[in-house]
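Letter by letter, the chains look like this.
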Amino acid sequence: QVQLVESGGGLVQAGGSLRLSCAASGSIFSINPMGWYRQAPGKQRELVAAFSATGTTVYDDSVKGRFTISRDNVKKAVYLQMNSLKPEDTAVYYCNRRTYPLFSWGQGTQVTVSS
């Protein structure tokens, strides 16, 4: 099985920055198809950043220009640099495969952006 552990969240003022990390372990073949999801209270998870099949990056319009996804295949880790944070970015952030089949969800990391 694959274990996913997210970290790096916290409380930040609007306009601030955070860098999230996702460590993958177990029977994962490649970190390439990974992406970042977020789930706000009362809402379903949404994909906000991911790698394409060719390794390029794709972003939801809500975070485009502010978030940057990156990866380290040696460490089997994926990162999300979050700049110019807005209160509406407040959510629990998760990493997982971009497409099905998904791995089991980790606990996520809470990001809270104050106004």
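Everything numeric here is computed off the predicted structure, so don't read it as measured data. (Residues numbered from 1 in each chain as written. Predicted model: local features only at pLDDT ≥ 70, side-chain atom pairs only at ≥ 80, totals over all residues. Heavy atoms only, no water.)

Details of the sheet that holds strand E10 (residues 109-114)
At step 1: Taken in spatial order, the 6 strands of this open sheet run E2-E10-E9-E4-E5-E6, and their pairing is mixed. Where the open sheet ends on each side, the last strands, each with one partner, are strand E2 (10-13) and strand E6 (57-59). Neighbour-to-neighbour, the strand axes of this sheet turn through a mean angle of 25°, independent of strand direction.
At step 2: Bridge analysis of strand E5 (residues 46-51) against E6 gives 3 bridges, and the strand direction is antiparallel. Bridge pairing in E6 places Phe 51 opposite Thr 57. (Pairing = 2+ DSSP bridges. Helix = DSSP H or I, 4+ residues; strand = E, 2+ residues; numbered from the N terminus. Axes fitted to C-alpha atoms, helices over the stretch in contact; angles between N-to-C directions.)

Observations concerning the pattern of salt bridges
At step 1: By the definition in use, this model includes 4 salt bridges.
At step 2: Here Arg 38 and Glu 46 are joined by a salt bridge, their closest N and O atoms 2.9 Å apart.
At step 3: A relative accessible area of 6% means that Arg 38 is categorised as buried.
At step 4: Members of the salt-bridge network, linked through shared partners, are Arg 38, Glu 46, Arg 66 and Asp 89. (Salt bridge = Lys/Arg side-chain N within 4 Å of Asp/Glu carboxyl O. Buried < 20%, exposed > 50% of the residue type's maximum accessible area, 1.4 Å probe, protein only.)

A word on the environment of Arg 71
At step 1: By the element assignment, Arg 71 lies in strand E7 (residues 67-72).
At step 2: As a C-alpha pair, Arg 71 and Gly 55 span 16 residues in sequence and 9.8 Å in three-dimensional space.
At step 3: Contacts of Arg 71, omitting those with residues within four sequence positions, involve Ile 31, Asn 32, Phe 51, Ala 77, Val 78 and Tyr 79.
At step 4: A distance of 3.4 Å separates the side chain of Arg 71 from the side chain of Asn 73, its partner in a polar contact. (Contact = heavy atoms within 4.5 Å. Polar contact = N/O pair within 3.5 Å; in protein donor to acceptor, adjacent residues only side chain to side chain.)

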